[in-house]
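Each chain, letter by letter, is given below.
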Amino acid sequence: MDLHIKDRVAVVTGANSGMGKATARILAEEGAKVILSDINEEKLEETAAEIRRSSNQQDHVKSIFADLSKAEGADNLARQ
């Protein structure tokens, strides 16, 4: 599948499980630069490492811990 998103930036929240994780994986496999965000920092890092390995996108997957239920979390994600 070619979604024509190679090198575009995608931010995926709720990325450490379920639909967020699946979406992040597909985007990375399609060549997008993927920023993963979630409130569980440990699982987030595990998920990011897993997606980096499975998609061969070592430099295109970044994880940012953020609690988006709080303004500070959203600000932190936007800044980074």
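Refer to the structure presented above.
Everything numeric in this text was worked out from a predicted model, so none of it was measured. (Residues numbered from 1 in each chain as written. Predicted model: local features only at pLDDT ≥ 70, side-chain atom pairs only at ≥ 80, totals over all residues. Heavy atoms only, no water.)

Moving on, we get to the sheet that holds strand β1 (residues 9-13). Read across the open sheet, the three strands follow the order β1-β2-β3; overall the sheet is parallel. The open sheet has two edge strands, β1 and β3 (61-65), and neither has a second partner. This sheet shows a mean twist of 20° between the axes of neighbouring strands, independent of strand direction. In the sheet, strand β2 (residues 33-38) pairs with β3 via five bridges, with the strands oriented parallel. Across the sheet, the residue bridging to Asp38 is Phe65, located in β3. Relative to β1, helix α1 (residues 18-29) is tilted by about 165°, and along the sheet it contacts β1, β2 and β3. Contacting β1, β2 and β3, helix α3 (residues 71-79) runs over the sheet at an angle of about 155° to β3. (Pairing = 2+ DSSP bridges. Helix = DSSP H or I, 4+ residues; strand = E, 2+ residues; numbered from the N terminus. Axes fitted to C-alpha atoms, helices over the stretch in contact; angles between N-to-C directions. Contact = heavy atoms within 4.5 Å.)

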